[in-house]
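Take a look at the letters that make up each chain.
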Amino acid sequence: MELTVQQAERIEGIVKAPPSKSYTHRAFIIAALAEGKSIIRDPLYSEDTNASLDACRAFGSEVQVDEDDGHCTIKGVGGQLKTPENVLNVKNSGTTLRIMTSVSALAPGYTVLTGDKSLRKRPMQDLLDSLKQLEVSAFSTRNNGMPPVIVKGGFKGGKTEIKGNVSSQFISSILIASPYAENAVNLHVKGKFISKPYVDMTLDIMRKFGVQAEYERSESSFHIEPQSYKKRNYTVEGDYSSASYIIAAAAALKSDVTIKNLLHDSKQGDKLIVDIVQDMGCDVKVKRDEVKISGHGKLKGVDVDLQNAPDLLPTVAALGSISHGKTRITGVEHARYKETDRIQTCASELSKLGVNVQEEKDGLLIEGGVHGGVVDSHMDHRLVMALYIIGLKVGNVTIKNASVYDVSFPKFPEIMKKLCRQENDTKKGY
Ligand SMILES: O=C(O)C1=C[C@@H](OP(=O)(O)O)[C@@H](O)[C@H](O)C1
Ligand SMILES: C=C(OP(=O)(O)O)C(=O)O
């Protein structure tokens, strides 16, 4: 699918942020491990989170989606997982792949995990090595540390270490499966620890499902005793990463937009987007569970470290392109290991729109100034949504391979169309 985005004059209205992708994955998987029936309210149904739900079914959980309000009832297996009958194809979802790799060690027999072309390039070796120290036998079939991955059932536990500079999902993965290891698990994260808020989210939801996990923050060490998750009624909060596109559009244009369902005290690192657009000169008011943006359409470049919020890279790169002056994004080398090498794909697509952009090892240097043109998402959902924002600002941006927003934010075009006001309001959004 190809999408041409036209200029919008204003953006205004009240919307509810879509549910958090990260919390939805975790809620589905932890409820599937718990004993008894959990109810997950307001979960995200998207390509990625559906991959987690399918994997939960494959391990023997019973899943029912309510047709009226969409809540999900999951009858968990109480730590007694079934061996999947087939290879688990988790499509484009890195979170599912990583978390389910450790979970697979709780099922007897062998589990094979794979995914689409992009997923088969996502690094796994550090996780496989760390699991080995816990006497889990897991390896890449291609011997390059990438999927397909084979995991043999059996999770002894003990002491393990892992590097913290590639993906926090490795750490979340070990933590989530650890309560069902035969012995206690001690996990130490070595060196730079990126994307830390995602691990805080993991601990947060593990504790809400009744598990005790110790975290010695200053030492980057975790300790989990054998125990089990309890069934729960759990409501998924709104997603700051998805909301970042609405916030960015509102900051880029004249606007009056209220986004509900965004918690002020959220553990999500991507709530940094609020500070970023404020630094760029946009007026934002934050309440307990909503964010209100009053944009005047003029932004200035900023310096920003995205170590803890890598998924904001495309959004901030788009904002930098439509701002006056320079934007420098640092700390985010790990964005190279996502659906695409996002440092490289952002640089290549922005330069097609006339942006003066320089690729750095751990980020981007952007000089504001952009025009319309034809770009490609490289099948990366976050690139589609970020490039769309530029289209709303400058008009005539055609995005190839645009349908992949379904991976994280299926209602993205619908919500943007609802909010955007064109000059004569005949064409909305695109
Ligand atoms: O645990 C999670 O839910 C996620 C962790 C982050 O990955 P890294 O830890 O690999 O940076 C993030 O980019 C991804 O979209 C979701
Ligand atoms: C990197 C992402 O997700 P995942 O790692 O789950 O594929 C993302 O949503 O931007």
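Owing to the predicted nature of the structure, the values given are computational and were not obtained by experimental measurement. (Residues numbered from 1 in each chain as written. Chains lettered and ligands numbered in written order. Predicted model: local features only at pLDDT ≥ 70, side-chain atom pairs only at ≥ 80, totals over all residues. Heavy atoms only, no water.)

Let's talk about the side chain of Ser-244
Turning to step 1, where the next piece is worked out: Examined against the element boundaries, Ser-244 turns out to sit in helix H7 (residues 240-252).
Turning to step 2, where the next piece is worked out: Within the structure, Ser-244 has its side chain in polar contact with the backbone oxygen of Ser-241 (distance 2.7 Å).
Turning to step 3, where the next piece is worked out: Setting aside chain neighbours within four positions, we find Ser-244 in contact with Ile-273, Leu-312 and Thr-315. (Helix = DSSP H or I, 4+ residues; strand = E, 2+ residues; numbered from the N terminus. Polar contact = N/O pair within 3.5 Å; in protein donor to acceptor, adjacent residues only side chain to side chain. Contact = heavy atoms within 4.5 Å.)

Focus: the site of ligand 1
Turning to step 1, where the next piece is worked out: Around ligand 1, the surrounding shell consists of Ser-22, Arg-26, Thr-95, Ser-167, Ser-168, Gln-169, Ser-195, Tyr-198, Pro-310, Asp-311, His-334 and Lys-338.
Turning to step 2, where the next piece is worked out: Between ligand 1 and the protein, one listed contact pairs an oxygen atom with a side-chain N or O atom of Arg-26 at 2.7 Å.
Turning to step 3, where the next piece is worked out: Within the side chain of Ser-167, an N or O atom sits 2.6 Å from an oxygen atom of ligand 1.
Turning to step 4, where the next piece is worked out: Protein chains shield 96% of the accessible area of ligand 1, which is 380 Å² for the free molecule.
Turning to step 5, where the next piece is worked out: With respect to the detected pockets, ligand 1 is housed in the largest cavity.
Turning to step 6, where the next piece is worked out: Contributions of two or more residues to the shell around ligand 1 are made by helix H1 (21-33) and helix H5 (168-177).
Turning to step 7, where the next piece is worked out: Considering only residue class, the shell around ligand 1 consists of two nonpolar, seven polar and three charged.
Turning to step 8, where the next piece is worked out: The residues that make up the shell around ligand 1 include at least three from each of domain 1 (3-18 + 239-421) and domain 2 (21-223). (Near = heavy atom within 4 Å. Areas by Shrake-Rupley, 256 points an atom, 1.4 Å probe, with all protein chains shown as cover. 1 Å grid on protein atoms, 1.4 Å probe; cavity = no way out; pocket = protein on both sides within 12 Å on 5 of 7 lines; lining within 4 Å. Sits in = over half its atoms within 2 Å of the grid points. Nonpolar A, V, L, I, M, F, W, Y, C, P; charged D, E, K, R; others polar. Domains from an automatic or database assignment.)

Quick look at the site of ligand 2
Turning to step 1, where the next piece is worked out: Neighbouring residues of ligand 2: 14 residues in total, closest Lys-21, Gly-94, Thr-95, Arg-122 and Arg-382.
Turning to step 2, where the next piece is worked out: Between ligand 2 and the protein, one listed contact pairs an oxygen atom with a side-chain N or O atom of Thr-95 at 2.5 Å.
Turning to step 3, where the next piece is worked out: One nitrogen or oxygen atom from the side chain of Asp-311 is found 3.4 Å from an oxygen atom belonging to ligand 2.
Turning to step 4, where the next piece is worked out: Considered on its own, ligand 2 offers 300 Å² of accessible surface; in the complex 98% of this is hidden by protein.
Turning to step 5, where the next piece is worked out: Elements represented by at least two residues in the shell around ligand 2 include exactly helix H3 (94-104) and helix H11 (381-394).
Turning to step 6, where the next piece is worked out: Among the residues forming the shell around ligand 2, the class breakdown is no nonpolar, six polar and eight charged.

Let's talk about helix H8 (residues 272-279)
Turning to step 1, where the next piece is worked out: Every buried residue of H8 is listed here: Ile-273, Val-274, Ile-276 and Val-277. Along the axis of H8, the buried residues cluster in a sector spanning 165°; they form a single face.
Turning to step 2, where the next piece is worked out: Summarising the contacts, the buried residues of H8 are in contact with H7, strand E16 (283-286), strand E17 (290-294), strand E18 (303-305) and helix H9 (313-321). (Buried < 20%, exposed > 50% of the residue type's maximum accessible area, 1.4 Å probe, protein only. Arc of directions from axis to C-beta.)

Examining the UniProt feature "binding site: 3-phosphoshikimate" (unreviewed entry) in the protein chain
Turning to step 1, where the next piece is worked out: Under the UniProt annotation, "binding site: 3-phosphoshikimate" (unreviewed entry) lies at Lys-21, Ser-22, Arg-26, Ser-167, Ser-168, Gln-169, Ser-195, Asp-311 and Lys-338. Put simply, the named residues that line the largest cavity are Lys-21, Ser-22, Arg-26, Ser-167, Ser-168, Gln-169, Ser-195, Asp-311 and Lys-338.
Turning to step 2, where the next piece is worked out: What makes Ser-22 buried here is its relative accessible area of 13%.
Turning to step 3, where the next piece is worked out: Once you skip the residues sitting within four places of it in the chain, Ser-22 turns out to touch Tyr-198, Met-201 and Asp-239. (UniProt positions renumbered as here; feature names shortened; annotations may be inferred.)

As for the pattern of salt bridges
Turning to step 1, where the next piece is worked out: Tallied over the full model, the rule gives 24 salt bridges.
Turning to step 2, where the next piece is worked out: The residue Asp-42 makes a salt bridge to Lys-16 at a minimum N-O spacing of 2.8 Å. Taken as a pair, Asp-42 in the loop between strand E3 (35-41) and helix H2 (47-58) and Lys-16 in strand E2 (residues 10-16) lie far apart in primary sequence, 26 residues in all.
Turning to step 3, where the next piece is worked out: Among the ionic pairs, Arg-217 bridges to Asp-200, the shortest N-O distance being 2.6 Å. A residue pair is termed long-range when its members are at least 10 positions apart, and Arg-217 in the loop between strand E12 (214-216) and strand E13 (221-224) and Asp-200 in helix H6 (residues 196-208) qualify at 17 residues.
Turning to step 4, where the next piece is worked out: Several salt bridges converge on common partners, so that one network encompasses Arg-122, Asp-311, Glu-339, Arg-342, Asp-380 and Arg-382. (Salt bridge = Lys/Arg side-chain N within 4 Å of Asp/Glu carboxyl O.)

Quick notes on H3
Side chains of residues three or four places apart in an α-helix project in the same direction, reflecting 3.6 residues per turn.
Turning to step 1, where the next piece is worked out: Of all eleven residues that make up H3, eleven are buried, and the element is covered over most of its length.
Turning to step 2, where the next piece is worked out: Within H3, burial applies to Gly-94, Thr-95, Thr-96, Leu-97, Arg-98, Ile-99, Met-100, Thr-101, Ser-102, Val-103 and Ser-104.
Turning to step 3, where the next piece is worked out: Contacts made by the buried residues of H3 are with H1, H2, strand E7 (110-114), helix H4 (125-132), strand E9 (149-152) and H5.

A few points about the sheet that holds strand E1 (residues 3-5)
Turning to step 1, where the next piece is worked out: Pairing in this open sheet of three strands is mixed, and the strands run E1-E23-E22 from one edge to the other. Both edges of this open sheet fall to E1 and strand E22 (373-376), since each of them pairs with a single strand only. Put simply, the sheet's adjacent strands are angled 25° from each other on average, direction ignored.
Turning to step 2, where the next piece is worked out: Bridge count between E1 and strand E23 (residues 397-400): three bridges; the pairing is antiparallel. Along E23, the bridge assignment pairs Val-5 with Val-397.
Turning to step 3, where the next piece is worked out: In this fold H11 packs onto E1, E22 and E23, with an angle of close to 165° to the strand it touches most, E23. (Pairing = 2+ DSSP bridges. Axes fitted to C-alpha atoms, helices over the stretch in contact; angles between N-to-C directions.)

Things to note about the layout of surface pockets
Turning to step 1, where the next piece is worked out: The computed volume of the largest pocket comes to approximately 360 Å³.
Turning to step 2, where the next piece is worked out: What lines the largest pocket is a set of 15 residues, among which Lys-16, Pro-18, Pro-19, Lys-411 and Ile-415 lie closest to the centre.
Turning to step 3, where the next piece is worked out: Looking at the lining of the largest pocket, the elements with two or more residues in it are E2 and helix H12 (412-419).
Turning to step 4, where the next piece is worked out: If you tally residues by element for the lining of the largest pocket, the top one is H12, at three residues. (Points joined across faces, edges and corners; volume = space filled by probe spheres on them.)

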